[in-house]
Amino acid sequence: MTNRAVPLFLIPSLFVSVHALATEHEEHQGPVSVDAEVGALLTNGNTQSSAFKGKVDINHELKHWRNEYIVEGLYKRDEVTVGDGDDAYKEDQVTAEKYFFSAQTDYKLNSEYQGVFGYVSYEENKFSGYKYQSTAAFGYSDRAFQGKNQHMDYSVGPGMSMAETEPSEDEDGVYVPADKQDAVILRVSAKYVYRFNPNTKFTQSLSSDIAFGDEDNTRTKSETAITAALNGSFAIKTSFKYEHNSVVSDEDIEQTDTQTAVTFVYTY
């Protein structure tokens, strides 16, 4: 938590700025692919709840650059029981609300998959104990292996994580104010894809912002999914997501969140 975080944080931002200038002069632009994912759950009767999940994943291939932008959101409301006994009553409350954005740009070092990358992300999860969590990193990216029906890409490099905790109370009921946390990290990410056939694929993605300090938070995310195409543009995706914070600001907050979803995906 020192001022040394500032110059390291600027490196991926400068990398992205250089990329923006360079793409203006790209002579050969490749295709843009967009996956728009949406899912919803509504229940009425004895139990009332509603949940909405959305994600947009944009990939853009250029002659010298490879870009990916992700925007993701989750919103959930449930009817919960407040109080005990005769004083208990039901109330509609927000039980999950999360927004996430990330951008990664890779400068290609050769005609294969080797490159140097810059990565930034920002997340607000109102039930994680953090007001926000963000990451900036840069480093080396490549394809670990390529088979007939499968491949795995990875990236690794140093960076900074920046976060601010929500105000809370300790075990004695003493007010604990919000705390800004900056930490040096090593970002490691990988994505594995296996195609069973032209219409069905399995994907496994994993990323971890590994903090070096004993009291700093290491954030890990994983998604396991199977996507089956319905036609040329529409598909059904079944996924399981795992997110873990090694450090939380309140003992009542779980370190691990999981999410199982079935969503529709539109590709264009």
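Look up: the structure comes first, before these words.
Quick caveat: nothing in here was measured; it's all calculated off a predicted structure.

## As for the overall build of the chain
Moving on, step 1. The number of helices and strands found in the chain is one helix and 14 strands.
Moving on, step 2. Across the 268 residues of the chain, 35% fall into the buried class.
Moving on, step 3. Sequence separation of 24 or more characterises 51% of the internal contacts of the chain that already satisfy a separation of 6 or more.
Moving on, step 4. Surface accessibility of the chain: about 15600 Å² in total, with carbon and sulfur atoms responsible for 56%.

## Focus: the pairing of strand E10 (residues 180-197)
Moving on, step 1. Across 15 bridges, the pairing between strand E7 (residues 150-165) and E10 is antiparallel. The residue bridging Met-160 from the neighbouring strand is Val-184, located in E10.
Moving on, step 2. Between E10 and strand E11 (residues 200-211), which follow one another and run antiparallel, lie two residues.

## Here's the deal with the side chain of Lys-241
Moving on, step 1. In this fold, Lys-241 is placed in strand E13 (residues 234-245).
Moving on, step 2. Within polar-contact distance, the side chain of Lys-241 engages the side chain of Glu-72 at 2.6 Å.
Moving on, step 3. Setting aside residues no more than four positions away along its own chain, Lys-241 makes contact with Lys-53, Glu-72, Ser-222, Glu-223, Asp-257, Thr-258 and Gln-259.

## What to know about the environment of Tyr-140
Moving on, step 1. Here Tyr-140 shows up in strand E6 (residues 130-146).
Moving on, step 2. Separated by 22 residues in sequence, Tyr-140 and Gly-118 have C-alpha atoms that sit 9.0 Å apart.
Moving on, step 3. Apart from the residues within four sequence positions on either side, Tyr-140 is in contact with Gln-114, Gly-115, Phe-117, Tyr-154, Ser-155 and Val-156.
Moving on, step 4. Of note is the side chain of Tyr-140, whose polar atom sits 3.3 Å from the side chain of Gln-114.

## Thoughts on the nonpolar core
Moving on, step 1. In this structure, Ile-70, Phe-100, Phe-117, Tyr-119 and Ala-137 together form the largest nonpolar core, which totals five residues.
Moving on, step 2. Those residues in contact with Phe-100 that sit more than four places away from it in its chain are Ile-70, Val-71, Glu-72, Tyr-119, Ser-121, Tyr-122, Glu-123 and Lys-221.

## Focus: a nonpolar patch on the surface
Moving on, step 1. A cluster of nonpolar side chains, namely Val-38, Leu-230, Phe-234, Phe-264, Tyr-266 and Tyr-268, defines an oily patch on the protein surface of about 630 Å² accessible area.
Moving on, step 2. Within the secondary structure, Tyr-268 is located in the segment after strand E14 (256-267).
Moving on, step 3. For Tyr-268, a relative accessible area of 53% puts it in the exposed group.

## Overview of the packing of aromatic side chains
Moving on, step 1. For the coordinates displayed, the defined rule picks out eight aromatic pairs.
Moving on, step 2. Look at Tyr-122 and Tyr-132: their rings are 5.9 Å apart centre to centre, the planes differ by 15°, and that puts the pair in the stacked class. Placement of Tyr-122 in strand E5 (residues 115-125) and of Tyr-132 in strand E6 is noted, with a sequence separation of 10 residues between them.
Moving on, step 3. Among the aromatic residues, those joined into a ring-pair cluster are Phe-145, Tyr-192 and Phe-202.
Moving on, step 4. Of note, Arg-187 hangs over the ring of Tyr-119, and the distance from its end group to the ring centre comes to 3.7 Å.
Moving on, step 5. Directly above the aromatic system of Phe-100 lies the positively charged group of Lys-221, at a separation of 3.9 Å from the ring centroid.

## Description of the pattern of salt bridges
Moving on, step 1. Across all of its chains, the model carries 16 salt bridges by this definition.
Moving on, step 2. Residues Lys-126 and Glu-97 are paired through a salt bridge, measuring 3.6 Å at the closest nitrogen-oxygen approach. Of this pair, Lys-126 sits in the loop between E5 and E6 while Glu-97 sits in strand E4 (residues 89-108), and the two are 29 residues apart along the sequence.
Moving on, step 3. By relative accessible area, which is 14% here, Glu-97 ends up buried.

Conventions we followed
- Residues numbered from 1 in each chain as written.
- Predicted model: local features only at pLDDT ≥ 70, side-chain atom pairs only at ≥ 80, totals over all residues.
- Heavy atoms only, no water.
- Helix = DSSP H or I, 4+ residues; strand = E, 2+ residues; numbered from the N terminus.
- Buried < 20%, exposed > 50% of the residue type's maximum accessible area, 1.4 Å probe, protein only.
- Contact = heavy atoms within 4.5 Å.
- Areas by Shrake-Rupley, 256 points an atom, 1.4 Å probe, with all protein chains shown as cover.
- Pairing = 2+ DSSP bridges.
- Polar contact = N/O pair within 3.5 Å; in protein donor to acceptor, adjacent residues only side chain to side chain.
- Core = buried A, V, L, I, M, F, W, Y, C linked by side-chain atoms within 4.5 Å.
- Patch = residues over 30% accessible without salt bridge, like charges linked within 9 Å, V, L, I, M, F, W, Y side chains within 5 Å.
- Salt bridge = Lys/Arg side-chain N within 4 Å of Asp/Glu carboxyl O.
- Phe/Tyr/Trp six-rings, centres within 6.5 Å; stacked < 30°, edge-to-face > 60°.
- Lys NZ or Arg CZ within 6 Å of the ring centre and 35° of its normal.

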